[in-house]
Amino acid sequence: MSDEWSPDTHHSSRITHHSLGLIVVAAGRGERFGDDKVWAELLGRPVLVHALEALARPPVARVALVVAPARLAEARALATALSLPGLPILVAPGGARRQDSVRNGLLALGQCAWVAVHDAARPLATHALLLRTLAAAQATGAAVAAVPVQDTIKRVAQGIVMETLPRAELWAVQTPQVFRGALLAQAHRAQADDATDDAVLVERYGARVGVAEGAYDNIKITTPGDLALAAWLLANRVEARQGG
Ligand code: CTP
Ligand code: MG
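Residues numbered from 1 in each chain as written. Chains lettered and ligands numbered in written order. Predicted model: local features only at pLDDT ≥ 70, side-chain atom pairs only at ≥ 80, totals over all residues. Heavy atoms only, no water.

### Describing the pairing of strand β6 (residues 114-119)
Here is the rule we go by: Type-normalised accessible area, obtained with a 1.4 Å probe on protein chains alone, sets the label of each residue: buried when under 20%, exposed when over 50%, and partly exposed for intermediate values. Segments assigned H or I by DSSP are reported as helices when at least four residues long, segments assigned E as strands when at least two residues long, and all are numbered from the N terminus. Each pair of strands is called paired provided DSSP finds at least two bridges between the two strands.
When you tally the buried positions in β6, you get six out of six residues, the bulk of the element. Side chains Trp114, Ala116 and His118 of β6 all project onto a buried face; the interleaved residues Val115, Val117 and Asp119 project onto the opposite face, where all are buried too. Where strand β1 (residues 20-26) lies against β6, six bridges are found, and the strand directions are parallel. Across the sheet, residue glycine 21 finds its bridge partner in β6, namely valine 115. When β6 meets strand β10 (residues 171-180), the two strands line up antiparallel, connected through four bridges.

What follows is the structure, encoded as structure tokens:
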């Protein structure tokens, strides 16, 4: 690991109200969905609003919402409407790859002791899930929400099974993912290779990434069927809370 960063850089590991920034990335093209999925309606509100409402509350102190350049004006209006007092939602334009969008979010946030990154396409995340991931990150400097895989996973090439991976060791990784702010910024600066999440950049940088208990219903909207499933899951969650 580069000696630019060490776990002792920040002496206090206590989370204060001013130390946690949240980046919600919503600037993808939604190619597999076939439309701008994060703006699609889910029980009357855009998908990304569900993600923001679940996570953009204390101890989060500031939020960067990263959107496609064509959505900037719409996102700014939304940010004004949704911001809690003292918890600004800053809007930034996304980049070509997810990691470019996260990087723009980091620039918009400025320095934060801790940074949580969340996919806007995961509208079923909960505040409790964010707090669990934050707690795991406090122990190691970085942590991801994840669940054990339920399917048997095989490596396949040209339609032929090459290898069956040991299921007991396999986890499906989600967001939120939480990092020391300086570590995440340095890991992003240190490499340009493609990455499907932020943790892999931190892993390649040589830092340890812990795992927090994710949730099987914290699905990512990838195809139109996922939107229908998310609507069903959310509606049942609301009903369960109302005792219906
Ligand atoms: N994302 C982003 N900027 C990008 C690519 C992705 O902000 N350049 C965001 C997406 O908006 C989404 C999250 O990263 O909230 C996870 O990405 P994914 O599910 O792959 O979404 P898309 O890239 O939009 O979908 P697809 O890969 O099907 O085009
Ligand atoms: Mg994508």
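### Let's talk about the environment of glycine 210
One can find glycine 210 in strand β11 (residues 210-213). The class of glycine 210 is buried, set by a relative accessible area of 13%. Residues glycine 210 and leucine 20, 190 residues apart in the sequence, show an inter-C-alpha distance of 18 Å.

### Quick notes on the sheet that holds strand β5 (residues 89-93)
Condition: Here, axes are lines fitted to C-alpha atoms. For helices the fit covers the stretch in contact, and angles between N-to-C directions go from 0 to 180 degrees. A contact between two residues is defined here by any heavy atoms of the two lying within 4.5 Å.
Pairing is mixed across the open sheet formed by seven strands, whose spatial order is β5-β4-β1-β6-β10-β7-β11. Single-partner strands in this sheet number two, and they are β5 and β11. The mean inter-strand angle of the sheet, taken between neighbouring strand axes irrespective of direction, is 30°. Across the sheet, helix α2 (residues 72-82) is in contact with β4 (60-67) and β5; its angle to β5 comes to roughly 170°.

### Examining the pattern of salt bridges
Put simply, the rule is: Salt bridges are counted wherever a side-chain nitrogen of Lys or Arg sits within 4 Å of a carboxyl oxygen of Asp or Glu.
The tally for this structure, following the rule as stated, stands at eleven salt bridges. Its salt-bridge partner being aspartate 217, residue arginine 237 comes within 3.0 Å of it at the nearest N-O pair. Remark: aspartate 217 occurs in the loop between β11 and α7 (224-241) and arginine 237 occurs in helix α7; sequence separation between them is 20 residues. By relative accessible area, aspartate 217 is classed as partly exposed at 28%. One network of salt bridges, with partners in common, ties together Arg98, Asp119, Arg122 and Asp198.

### A short note on the environment of alanine 187
The residue alanine 187 is located in helix α5 (residues 181-190) in this model. When its relative accessible area of 0% is taken as the criterion, alanine 187 is described as buried. Along the primary structure alanine 187 and tyrosine 205 are separated by 18 residues, whereas in three dimensions their C-alpha atoms are 5.7 Å apart. Here alanine 187 is in contact with Leu201, Val202 and Tyr205, once residues within four sequence places are set aside.

### Topic: the pairing of strand β7 (residues 142-148)
A regular strand places its side chains so that they alternate between the two faces of the sheet. β7 sits mainly inside the fold: six of its seven residues count as buried. Pairing of β7 with β10 involves six bridges; the strand directions are antiparallel. Opposite valine 147, over in β10, you have alanine 172 as the bridge partner.

### A word on the site of ligand 1
Here is the rule: For each residue, the test is whether any non-hydrogen atom lies within 4 Å of the molecule or strand; if one does, the residue is near. As used in this structure description, the phrase polar contact means that two N or O atoms lie within 3.5 Å; if the pair is within protein, one of them must be able to donate a hydrogen and the other to accept it, and residues adjacent in sequence are counted only when both atoms belong to side chains. Throughout, the Shrake-Rupley method with a 1.4 Å probe supplies accessible areas, and for residues the shown protein chains are the sole cover considered. When residues are sorted by character, Ala, Val, Leu, Ile, Met, Phe, Trp, Tyr, Cys and Pro go into the nonpolar class, Asp, Glu, Lys and Arg into the charged class, and all the rest, Gly among them, into the polar class.
Around ligand 1 sit 19 residues in total, of which Ala27, Gly30, Glu31, Ser101 and Lys220 are the nearest. Within the backbone of arginine 97, a nitrogen or oxygen atom sits 3.4 Å from a nitrogen atom of ligand 1. In the environment of ligand 1, an oxygen atom lies 3.3 Å from a nitrogen or oxygen atom belonging to the backbone of alanine 120. The fraction of the free accessible surface of ligand 1 (570 Å²) that becomes covered by protein chains is 87%. Contributing elements (two or more residues each) for the shell around ligand 1: β1 and α3 (98-109). Residues belonging to the shell around ligand 1 are distributed by class as follows: seven nonpolar, four polar and eight charged.

### Quick word on a nonpolar patch on the surface
What counts is decided by this rule: Two distance rules govern patches: like charges are joined within 9 Å, and nonpolar side chains (Val, Leu, Ile, Met, Phe, Trp, Tyr) within 5 Å, applied only to residues with over 30% relative accessible area and no salt bridge.
Together, Trp171, Val173 and Val211 line one region of the surface with nonpolar side chains, adding up to about 270 Å² of accessible area. Relative to the assigned elements, tryptophan 171 resides in strand β10. The partly exposed category is assigned to tryptophan 171, whose relative accessible area is 43%.

### Details of the packing of α3 against α5
Applicable threshold: Oblique is the label for any angle not covered by the other classes, which are roughly parallel (under 35 degrees), roughly antiparallel (over 145) and roughly perpendicular (65 to 115). Should the near helix be turned counterclockwise from the far one by less than a right angle, the crossing is left-handed, whereas a clockwise turn marks it as right-handed.
Close contact between α3 and α5 brings their axes to 11 Å; oriented N to C, the two are set at 135°. If you check the angle between α3 and α5, you find them oblique. Here α3 and α5 pass one another in a crossing that is left-handed. Touching Gln99, Val102, Arg103 and Leu106 of α3 are Leu184, Ala185, His188 and Arg189, all from α5. A class-by-class count of the residues in the contact of α3 with α5 yields four nonpolar, two polar and two charged.

The quantities given are spatial measurements derived from coordinates; they are silent on function.
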